[in-house]
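Chain residues, written in single-letter form:
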Amino acid sequence: MSTQDELKQQVAKAALEYIDDYDMVLGIGTGSTVNCLIDLLPSVKNRIDSVVSSSEASTERLKQLGFHVKELNNCGTLSLYIDGADEVDSHNRLIKGGGGALTREKIIANASERFVCIVDTSKQVDILGAFPLPVEVIPMARSFVGRELAKLGGQPTFREDFVTDNGNWILDVNNLKIIDPKGLETKINNIPGVVTNGLFAHRGADLTLVASASGVVVQD
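Residues numbered from 1 in each chain as written. Predicted model: local features only at pLDDT ≥ 70, side-chain atom pairs only at ≥ 80, totals over all residues. Heavy atoms only, no water.

A.B. asks: Got a minute to help me understand the nonpolar core in this structure?
C.D. replies: Side chains of nonpolar character tend, in soluble globular proteins, to be buried together. If you look at the biggest cluster of nonpolar residues, it comprises 29 residues, and the most contacted ones within it are Ile19, Leu26, Ile28, Leu37, Leu41, Ile82 and Leu209. Of all the secondary structure elements, the ones that give two or more residues to this core are α1 (4-15), β1 (24-28), α2 (32-40), β2 (48-53), β4 (80-83), β7 (115-120) and β13 (207-212). For this core, the element with the highest residue contribution is α1, accounting for five residues. Those residues in contact with Ile19, other than ones at most four positions away along the chain, are Met24, Leu26, Leu41, Val44, Arg47, Ile48, Leu80 and Ile82. With 17 residues, the next largest nonpolar core counts Val173, Leu176, Ile191 and Val194 among its residues. (Core = buried A, V, L, I, M, F, W, Y, C linked by side-chain atoms within 4.5 Å. Buried < 20%, exposed > 50% of the residue type's maximum accessible area, 1.4 Å probe, protein only. Helix = DSSP H or I, 4+ residues; strand = E, 2+ residues; numbered from the N terminus. Contact = heavy atoms within 4.5 Å.)

A.B. asks: I tried to follow the packing of aromatic side chains on my own but got confused; where do I start?
C.D. replies: Describing an aromatic ring pair means giving the distance of the ring centres and the angle of the ring planes. Tallied over the entire structure, the rule returns two aromatic pairs. Arranged with centres 5.1 Å apart and planes meeting at 40°, the rings of Tyr81 and Phe115 form a pair that is tilted. Residue Tyr81 is found in strand β4, and its partner Phe115 is found in strand β7; the two are separated by 34 residues along the sequence. Each member of the pair Tyr81 and Phe115 is classed as buried. The lysine or arginine in question, Arg142, covers the ring of Phe158, its NZ or CZ lying 4.4 Å from the ring centre. The ring of Phe162 carries the charged tip of Arg159 above its face, separated from the ring centre by 5.2 Å. (Phe/Tyr/Trp six-rings, centres within 6.5 Å; stacked < 30°, edge-to-face > 60°. Lys NZ or Arg CZ within 6 Å of the ring centre and 35° of its normal.)

A.B. asks: Can you help me understand the sheet that holds strand β12 (residues 199-200) in this one?
C.D. replies: Within a beta sheet, neighbouring strands are joined by backbone hydrogen bonds and run either parallel or antiparallel to one another. The strand order across the open sheet built from three strands is β5-β6-β12, with neighbouring strands paired in antiparallel fashion. At either end of the open sheet lies a strand with only one pairing partner, and these are β5 (87-88) and β12. Bridge count for strand β6 (residues 94-95) against β12 is two bridges, and the pairing is antiparallel. The partner of Leu94 across the bridge, within β12, is Phe200. (Pairing = 2+ DSSP bridges.)

A.B. asks: Teacher, can you tell me more about the sheet that holds β2 here?
C.D. replies: The seven strands are arranged β3-β2-β1-β4-β7-β13-β14 in an open sheet whose pairing can be described as mixed. Edge positions in the sheet fall to β3 (69-70) and β14 (215-219), since each of these pairs with one other strand and no more. Strands β4, β7, β13 and β14 of the sheet are contacted by α1, whose axis makes an angle of about 140° with β13. (Axes fitted to C-alpha atoms, helices over the stretch in contact; angles between N-to-C directions.)

A.B. asks: Could you clarify how one ought to interpret α2 in this entry?
C.D. replies: Two residues of an α-helix separated by three or four positions point the same way, owing to the 3.6 residues in each turn. All buried positions along α2 are accounted for by Thr33, Val34, Cys36, Leu37 and Ile38. In this structure, the buried residues of α2 make contact with α1, β1, α3 (56-64), β4 and β7.

A.B. asks: What is the right way to look at the pattern of salt bridges in this model?
C.D. replies: Between side chains of opposite charge, pairing is possible as soon as their charged atoms come close. By the definition in use, this model includes ten salt bridges. Linking Lys70 and Asp49 is a salt bridge whose minimum nitrogen-to-oxygen distance equals 3.9 Å. On the criterion of sequence distance, the pair formed by Lys70 in strand β3 and Asp49 in strand β2 is long-range, its members being 21 residues apart. A relative accessible area of 25% places Lys70 in the partly exposed class. Note that Asp172 is salt-bridged to Arg159, the shortest N-O span being 2.7 Å. Of this pair, Asp172 sits in strand β10 (residues 169-174) while Arg159 sits in the loop between β9 (155-158) and β10, and the two are 13 residues apart along the sequence. (Salt bridge = Lys/Arg side-chain N within 4 Å of Asp/Glu carboxyl O.)

A.B. asks: For this particular structure, what's the right way to read the packing of α1 against α2?
C.D. replies: Any two packed helices are characterised by how steeply their axes cross, that is the angle between the axes, and by the distance between the axes. Their axes nearest at 8 Å, the elements α1 and α2 cross at an angle of 55°. Considering the angle they form, α1 stands oblique to α2. In the crossing of α1 with α2, the sense of the turn from one axis to the other is right-handed. Where α1 abuts α2, its residues Lys8, Gln9, Val11, Ala12, Lys13 and Ala15 lie against Ser32, Thr33, Cys36, Leu37 and Leu40. Among the residues making up the contact of α1 with α2, the classes are represented as six nonpolar, three polar and two charged. (Parallel < 35°, antiparallel > 145°, perpendicular 65-115°, else oblique. Left-handed = near helix turned anticlockwise from the far one by under 90°. Nonpolar A, V, L, I, M, F, W, Y, C, P; charged D, E, K, R; others polar.)

A.B. asks: Honestly, the side chain of Thr208 in this entry has me stumped. Any pointers?
C.D. replies: Take Thr208: it is sitting in strand β13. Its relative accessible area of 0% is what places Thr208 among the buried residues. Among the polar contacts made by the side chain of Thr208, one reaches the side chain of Asn92 at a distance of 2.7 Å. Not counting residues within four places of it along the chain, the set of residues in contact with Thr208 comprises Val88, Asn92, Cys117, Val119, Val217, Val218 and Gln219. (Polar contact = N/O pair within 3.5 Å; in protein donor to acceptor, adjacent residues only side chain to side chain.)

What follows is the structure in C-alpha cells.
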C-alpha cells in the first residue's frame, strides 16, 4: 500500500514527461505535491530556460535549486503550467487555495497554453465543495464579503493568522455543494472586495495526472 507521500512522488515524476520542450518558460504552482516536483526539476534542467512561480515559497525553493525565476510581466504566454489541487472532479474542474496562493495560481493558469494538474486519488470527488472553498478578500471587505457568501449558502470562516503574498486575507467557505462550478465562480468573483476564489472551473486543468496504488492515470 503506497503512502500519500509516495503517491505525491509518483505523480510528480510522471509530470516531468510533460516538460518536453527545450528552453521553455515553465509555470510552477504551490503545495506539497508541487514541492515533490520542484525537487525533481534539476533532472530536466536542460529543458528549462526559466520558471514563473505562483508563490514566494515556491520561488525560494526554485532559487535554492539554481533556477532563474521570472516575473510573469516579463514573459509572454507560458506553454505549460503544473500545479496541484485540493479537489478535482471528473471534468478537471478544481478547488485550489488551501495553501493560500489561489490568486497567483489562477493568473498563471490563465496565462498558460496548457495546465497539467497533479494529484493523488484522495483529491478526486464527484461534486466539488467538501473541501472548504478559499476566497481571497481585500481586508476592509472581510465582513461584507462574509455576509454575501452566507447568502449563497456557504459558511465562511476567517483564516486566522494568515496573509496572502498579495497582502490580503482569506475566507474559507464550508457547506457548499457546488453543482454549477462556473456559475458560482462568477457569482463570488462579482462580490465587491473579492480578489478571486479557489474555483478553477472557467479555466480548469487541461488534464489531471492522478496517482494511485496501481499507478498514474491521465484524466483528460
